[in-house]
Amino acid sequence: MKISIIINIYIDPFGKENKIFDHPTSLKNFETENTFEETLESINNLRIEDDDKIELCIFAIAEDGTQKFDQEIRTKVEETLQKSRFPGYLFTNTDIHNFSETYDSELFSVQGYPEIRNLGFIFPFISGNDYFIQIDDDEIVRPDYIIKMKEIFHDNPDVYALTAPYEKNGTIYIKTEDQLKSWAKYSSMNKDMIAMTEDEGITPTMFGFGGNMVLRKEFVSQVCYPPKVPRGEDFSLILASKVIQKNGYPEIGIEKDSKVLSFYFTPSKEMTIDHRPPYEAKANFLHYIEKNLKRFIMEWNFFKNQEDYSIEELKNDSNYMTEMIGFDDFKDKIIEITDELEKEMDFSKEEVYKLRSELLEFVEEWAGRDRFAEYKSFQLKYRNFLRNYSENEEIKKMIEINRYSG
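Right, let's walk through the structure included here. Values in this document were obtained by computation on a predicted structure and should not be read as measured data.

1. Some thoughts on the overall build of the protein
Helices and strands together make up the secondary structure of the protein, namely 16 helices and 13 strands. The C-alpha radius of gyration computed for the protein amounts to 21 Å, which stays within 12% of the reference 22 Å derived for 406 residues, consistent with globular compactness. Here the C-alpha coordinates of the protein stretch approximately 60 × 50 × 45 Å along the principal axes. Long-range pairs, those at least 24 residues apart, make up 81% of the contacts in the protein between residues at least 6 apart in sequence. A total accessible area of about 17,300 Å² is found for the protein, and carbon and sulfur atoms account for 44% of it. For the protein, the separation between the mean place of its 51 positive charges and that of its 78 negative charges on side chains is 1 Å.

As structure tokens, this is what we get:
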């Protein structure tokens, strides 16, 4: 069995306050502050069977798409990779730019989380992998992760997409308190987590963390991350997969209710990842809520422009997604949230007004667009690229150039 472990390392070479990525590693202090070494050590300790072939696919991505630090980044990451038990590939912004230039495709982008996640589908798929494990560089995998993963897939041949919990500060539950009554983000997430862990077996889910997903190649060949969301790409993928499953996409061979597109959750301790972010993403709460609300405006537009997945079904499937997008008018929701920000939190009227105006403009911008149709167009390009290049020797040679030796 050929398994790719995809690891994203987000790097901040600028030291700026409002970052594109939630908690990137400082390039200046990489040697002392990076969390990748611990992640790699946990991967080195994985128990595997004789027929398992493991390779790593590492994306060391500097913010803003800048390429001028890539040689320094490569040198520092490769120094850590000298300790790797497994062989694999290392890609920087420069490498992705070269693929973009060669193949003239928007698929080769480092604009944000979903674009980088899609690269973690494309390269391992073309390299012939059967299973795709997606994690980040601040996550510790348990020794029997792959053993348990194989057991679940063996016992459940109709499962193609699997998620498992994060453990943070000793618990898999979301203990963060909601700072706003009008935006119950954390409590609704925790309701979903509680419901999913009531059963020891696997359960269908609309809940998953991008840093702990396992996908079969059959899933990867059909569905990709919707581009351009500023964060929360994991839930964006799950929502897109569910909506495409409900609506079908016969033009590319996806019939309604395709089993391949169902996500499942396992509470397995062996597959629970120990999440150790270096610091919290929500230190600047206004920036945090802006990124989230823009993300959910896009998801709301996506949901509203399809027909065969109802709001009633969404309510049955996910407390969290219902709380975030399960309403008729997003403008009313923004006004409700920003009113509470001004009255209950220590932000100035000017700060809140600026945020409200920007979010209302964002809703208006998306009112004239159809994200569901845009996604299907992007998904078609993605599917066709994989189909056209999965046996292409030239792109395989370009991938091979980026190999390091474990």
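2. Focus: the packing of aromatic side chains
Across all of its chains, the model carries 34 aromatic pairs by this definition. Each ring, one from Phe-59 and one from Phe-123, has its centre 6.1 Å from the other, and the planes form 20°; the classification is stacked. Taken together, the positions of Phe-59 in strand β3 (residues 53-62) and Phe-123 in helix α5 (residues 113-126) put the pair 64 residues apart, joining distant regions of the chain. For the pair Phe-59 and Phe-123, one class covers both residues: buried. Judged by centre distance (5.3 Å) and plane angle (80°), the rings of Phe-219 and Phe-263 are edge-to-face. Of this pair, Phe-219 sits in helix α8 (residues 217-220) while Phe-263 sits in strand β11 (residues 263-265), and the two are 44 residues apart along the sequence. Exposure class is identical for Phe-219 and Phe-263. Each is buried. In this structure an aromatic cluster arises from ring pairing among Phe-59, Tyr-89, Phe-91, Phe-99, Tyr-103, Phe-108, Phe-123, Phe-385 and Tyr-389. When the ring centre of Tyr-160 is taken as reference, the NZ or CZ atom of Arg-216 above it lies at 5.2 Å. In this arrangement the basic side chain of Lys-376 is found over the ring face of Tyr-249, its NZ or CZ atom lying 4.6 Å from the centre.

3. Re the side chain of Thr-163
Along the chain, Thr-163 turns up in strand β7 (residues 161-163). Contacts of Thr-163, omitting those with residues within four sequence positions, involve Thr-205, Phe-207, Gly-208, Asn-212, Met-213, Phe-263, Tyr-264, Phe-265 and Thr-266.

4. Quick notes on the packing of α5 against helix α15 (residues 371-389)
Running from N to C, α5 and α15 cross one another at 20°; their axes reach a closest spacing of 10 Å. Between α5 and α15, the interaxial angle falls into the category roughly parallel. Between α5 and α15 lies a crossing whose hand is right-handed. Within the contact between the two elements, α5 uses Asn-118, Phe-121, Ile-122, Phe-125 and Ile-126 and α15 uses Phe-378, Tyr-382, Phe-385, Leu-386 and Tyr-389.

5. A word on the layout of surface pockets
Gaps left between atoms are located by rolling a probe of water-molecule size over the structure's atoms. What the second largest pocket holds in volume is close to 470 Å³. Lining the second largest pocket are 21 residues, and of these His-287, Glu-290, Lys-291, Lys-294 and Glu-358 sit closest to its centre. Of all the elements in the fold, those that place two or more residues in the lining of the second largest pocket are α5, α10 (285-304) and α14 (349-367). Of the residues contributing to the lining of the second largest pocket, the split by class is 7 nonpolar, 5 polar and 9 charged.

6. Quick word on the sheet that holds strand β8 (residues 166-167)
Backbone-to-backbone hydrogen bonds join strands into a sheet, with any given pair of strands oriented parallel or antiparallel. Spatially, the 3 strands line up as an open sheet ordered β6-β12-β8, and their pairing is mixed. The sheet terminates laterally at β6 (139-140) and β8, the two strands that pair on one side only. Where β8 and strand β12 (residues 273-275) come together, 2 bridges link them in parallel fashion. Looking across to β12, one finds that Glu-167 is bridged to Asp-274.

7. A word on the pairing of strand β1 (residues 2-12)
Most of β1 sits out of view: 11 of its 11 residues are buried. Of the two faces of β1, the one carrying Lys-2, Ser-4, Ile-6, Asn-8, Tyr-10 and Asp-12 and the one carrying Ile-3, Ile-5, Ile-7, Ile-9 and Ile-11 are both buried. Sheet topology places β1 next to β3; 10 bridges connect them, and they run parallel. By the bridge assignment, Ile-7 is partnered in β3 with Ile-58. Pairing geometry for β1 and strand β5 (residues 131-136), over 6 bridges, is parallel. Within β5, the position partnered with Ile-6 by the bridge is Gln-134.

8. A closer look at the side chain of Ser-127
Structurally, Ser-127 can be placed in the loop between α5 and β5. The class of Ser-127 is buried, set by a relative accessible area of 17%. Setting aside anything within four residues of it in sequence, one finds Ser-127 in contact with Lys-2, Glu-55, Tyr-89 and Ile-399.

9. A short note on the environment of Ser-26
Looking at the element boundaries, Ser-26 is found in strand β2 (residues 25-26). If we skip the residues at most four places from it in the chain, Ser-26 touches Asp-12 and Glu-33.

10. Concerning the packing of α10 against α15
Contact pair α10 / α15: the axes reach a minimum separation of 7 Å and the direction vectors enclose 90°. Accordingly, the angle class assigned to the pair α10 and α15 is roughly perpendicular. Judged by residue contacts, Met-298, Asn-301 and Phe-302 of α10 engage Arg-371, Phe-372 and Tyr-375 from α15. Of the residues belonging to the contact of α10 with α15, the class tally is 4 nonpolar, 1 polar and 1 charged.

The rules behind these values
- Residues numbered from 1 in each chain as written.
- Predicted model: local features only at pLDDT ≥ 70, side-chain atom pairs only at ≥ 80, totals over all residues.
- Heavy atoms only, no water.
- Helix = DSSP H or I, 4+ residues; strand = E, 2+ residues; numbered from the N terminus.
- Rg over C-alpha atoms; globule rule 2.2 N^0.38 Å.
- Contact = heavy atoms within 4.5 Å.
- Areas by Shrake-Rupley, 256 points an atom, 1.4 Å probe, with all protein chains shown as cover.
- Lys, Arg positive; Asp, Glu negative; His and termini not counted.
- Charge placed at Lys NZ, Arg CZ, Asp CG, Glu CD.
- Phe/Tyr/Trp six-rings, centres within 6.5 Å; stacked < 30°, edge-to-face > 60°.
- Buried < 20%, exposed > 50% of the residue type's maximum accessible area, 1.4 Å probe, protein only.
- Lys NZ or Arg CZ within 6 Å of the ring centre and 35° of its normal.
- Axes fitted to C-alpha atoms, helices over the stretch in contact; angles between N-to-C directions.
- Parallel < 35°, antiparallel > 145°, perpendicular 65-115°, else oblique.
- Left-handed = near helix turned anticlockwise from the far one by under 90°.
- 1 Å grid on protein atoms, 1.4 Å probe; cavity = no way out; pocket = protein on both sides within 12 Å on 5 of 7 lines; lining within 4 Å.
- Points joined across faces, edges and corners; volume = space filled by probe spheres on them.
- Nonpolar A, V, L, I, M, F, W, Y, C, P; charged D, E, K, R; others polar.
- Pairing = 2+ DSSP bridges.

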